[in-house]
Amino acid sequence: LHTFYSFDTLSDFNRKQTLNLRDDQEDIKCLVLEEHPDTFSGWGEELLKPWTLKNWSRWEEEKPAWFTDSWIESVPNEYVPYE
């Protein structure tokens, strides 16, 4: 019998959902980060830093709709690659 009952906190639930996103679903990650910037402090080192460092140059070239000045400013400096 499967139920929806879980002892996970909302943060843990969101973290698990983010881990299960495919690479082509990065816009969803960005929306979560834009709406909940505190996420960076909760699980940023493990999930977000490698993701931003890996993809930043591509985002600068492709300019996805969510890659706005306000989103860029919300990203901690250590999560941005400096060339």
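Look a little higher up for the structure.
The text that follows walks through the structure, step by step, so that each part is easy to find. Every value quoted in this text rests on a predicted model; they were computed, and no experiment measured them. (Residues numbered from 1 in each chain as written. Predicted model: local features only at pLDDT ≥ 70, side-chain atom pairs only at ≥ 80, totals over all residues. Heavy atoms only, no water.)

Remarks on the environment of Trp51
Right, on to step 1. Relative to the helices and strands, Trp51 is located in helix α3 (residues 39-62).
Right, on to step 2. Take Trp51: its relative accessible area is 7%, and that puts it in the buried class.
Right, on to step 3. Separated by 28 residues in sequence, Trp51 and Tyr79 place their C-alpha atoms 8.7 Å apart. (Helix = DSSP H or I, 4+ residues; strand = E, 2+ residues; numbered from the N terminus. Buried < 20%, exposed > 50% of the residue type's maximum accessible area, 1.4 Å probe, protein only.)

A few points about the nonpolar core
Right, on to step 1. Counting twelve residues, the largest nonpolar core consists of Cys30, Leu47, Leu48, Trp51, Trp56, Trp59, Trp66, Phe67, Trp71, Val75, Tyr79 and Val80.
Right, on to step 2. Ranked by residue count, the leading element in this core is α3, at five residues. (Core = buried A, V, L, I, M, F, W, Y, C linked by side-chain atoms within 4.5 Å.)

Read these as spatial facts, not as claims about activity.
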